[in-house]
Amino acid sequence: MTLPTAATRRYQRFALGVLLYSLGVILWGAFVRATGSGAGCGDHWPVCNGEVVPRAPSIQTLIEYTHRLTSGLATLLAVALYVWGRREFPKGHPGRKAAFWALVFMLTEGLVGAGIVLLKYVAQDARLGRAVWMGLHLTNTFLLVGAQTLVVWASKGRARMVLRGQGPVGVVLGASILGMLVLGISGAVAALGDTLFPATSLAHGFEQDLSEAAHVLLRLRVFHPIIAVAMGALLVFGGRWVARLRPSPDVRRASALLTGVYVAQLGAGVVNLVLLAPVAMQLVHLLLADCVWMCVVRLCAAGLAEDAPRLEPAAEPASRVEPV
């Protein structure tokens, strides 16, 4: 680990600011979906209802248009993060690579959002294709947040990650990444079902999930809590196991933080279920999901670091050869 210079610390603060701003934009995007405001600009993109600046906009139009403006600023910040990263770090530096991927995923985030609008997967549209695009959107969002998290991590002078030769640790961390993506997609589908088919009571919600005549989005919704519990076990116990095999302070802190945040996330999920998914709890639930994802990325960065200490098996004492 190298000590960052004053210039690098400024870049680090900027990268952290970009990450926090991106999280705000992501939450506002969820607010657009939860309030049914995705059609606020019609099926026009990048203009809004055929206008650059909408005249006499409705509330839904203001919500959607604000999301587009804040997303545009996020794109400009991603460009600045990459350009500054190229000047700050030498070629091959993990921070420079992460900034490049952060820009790529920011651009694809905009393209996915445009596709959702142009295909009219907004408002009360309940086509199955919308769930597919929501899953794609969530996956890209996770990759974007993960790349920005790695920019902040690498700007602190951390060593690069090494994938080869990690053995079971690499398998557990890889399974955690894939599992989180599956969990996130199932959460996006569940949130879409809550928005399109709101329950009037907890009993009504369970009745919706179990009905053979229910919409496919409702039948898929039931899998989200099951996946969440299974992923909780993998992340908590897997994180502790990685901390034993890679006994560095960074890994131990990442593992402890992951456990705490995931417990909070499960608690928020229960509250969201009991309260019938109000908009405010949906946003809290999504924010905690992003925080869990960032903790997993941080655990991977620390556990797979080139300079991470490895727990070697104790050497067995050589057997004595008794004299004849």
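Reading guide: rules and limits
- Residues numbered from 1 in each chain as written.
- Predicted model: local features only at pLDDT ≥ 70, side-chain atom pairs only at ≥ 80, totals over all residues.
- Heavy atoms only, no water.
- Helix = DSSP H or I, 4+ residues; strand = E, 2+ residues; numbered from the N terminus.
- Buried < 20%, exposed > 50% of the residue type's maximum accessible area, 1.4 Å probe, protein only.
- Contact = heavy atoms within 4.5 Å.
- Disulfide = S-S within 2.5 Å.
- Patch = residues over 30% accessible without salt bridge, like charges linked within 9 Å, V, L, I, M, F, W, Y side chains within 5 Å.
- Areas by Shrake-Rupley, 256 points an atom, 1.4 Å probe, with all protein chains shown as cover.
- Salt bridge = Lys/Arg side-chain N within 4 Å of Asp/Glu carboxyl O.
- Arc of directions from axis to C-beta.
- Core = buried A, V, L, I, M, F, W, Y, C linked by side-chain atoms within 4.5 Å.

## Details of the environment of Lys 120
Argument step 1. Tracing the sequence through the fold places Lys 120 in the loop between α3 (94-118) and α4 (128-154).
Argument step 2. Lys 120 gets classed as partly exposed once you look at its relative accessible area, which sits at 47%.
Argument step 3. Distance from Lys 120 to Gly 42, taken between C-alpha atoms, is 8.1 Å for residues 78 residues apart in sequence.
Argument step 4. Lys 120 has contacts with Asp 43, Asp 125 and Arg 127, leaving out every residue within four places of it along the chain.

## Concerning the state of the cysteines
Argument step 1. If you walk through the whole model with that rule in mind, you get one disulfide.
Argument step 2. Shown here is the disulfide that connects Cys 41 with Cys 48, its sulfur atoms set 2.0 Å apart. Disulfide Cys 41 to Cys 48: torsion about the S-S bond roughly -85°, handedness left-handed. For the pair Cys 41 and Cys 48, one class covers both residues: buried.
Argument step 3. The thiol of Cys 295 is not disulfide-bonded; the next cysteine sulfur, from Cys 291, is found 6.8 Å away.

## Description of a nonpolar patch on the surface
Argument step 1. On the surface, a nonpolar cluster with roughly 660 Å² of combined accessible area is contributed by Leu 202, Phe 206, Val 270, Val 271, Leu 273, Val 274, Leu 275 and Leu 276.
Argument step 2. For the nonpolar patch, the secondary-structure elements that each account for two or more residues are α6 (202-210) and α9 (249-274).
Argument step 3. With four residues, α9 is the largest single contributor of residues to the nonpolar patch.
Argument step 4. Note that Val 274 resides in helix α9.

## Here we look at α6
Argument step 1. Those residues of α6 lying buried are Gly 205, Gln 208 and Asp 209. An end-on view of α6 places all buried positions within 95° of arc, on one side of the element. Structural note: α6 exposes Ala 203, Glu 207 and Leu 210 on the side pointing more than 90 degrees away from its buried face.
Argument step 2. Buried residues in α6 make contact with α7 (216-221).

## Details of the nonpolar core
Argument step 1. Judged by nonpolar contacts, the single largest core of 57 residues is most densely connected at Met 180, Leu 235 and Val 292.
Argument step 2. When residues of this core are traced back to their parent elements, those giving at least two are α1 (6-34), α2 (59-88), α3, α4, α5 (168-196), α8 (223-245), α9 and α10 (279-303).
Argument step 3. Sort the elements by how many residues they give to this core and α10 lands first, with 11 residues.
Argument step 4. The contacts of Met 180, once residues within four sequence positions are left out, are Phe 142, Met 231, Leu 235, Ala 289, Val 292, Trp 293 and Val 296.
Argument step 5. Grouped together as the second largest cluster of nonpolar side chains are six residues, Ala 131, Met 134, Leu 192 and Leu 217 included.

## Examining the pattern of salt bridges
Argument step 1. This structure, assessed with the given rule, holds eight salt bridges.
Argument step 2. We note a salt bridge from Asp 209 to Arg 221, for which the minimum N-O separation is 2.7 Å. Separated by 12 residues along the polypeptide, Asp 209 in helix α6 and Arg 221 in helix α7 bring together distant segments of the chain. Like Arg 221, Asp 209 is buried.
Argument step 3. By sharing partners, the salt bridges in this structure join Arg 158, Asp 250 and Arg 253 into a single network.

These results come straight from atomic positions and should not be treated as a statement about function.
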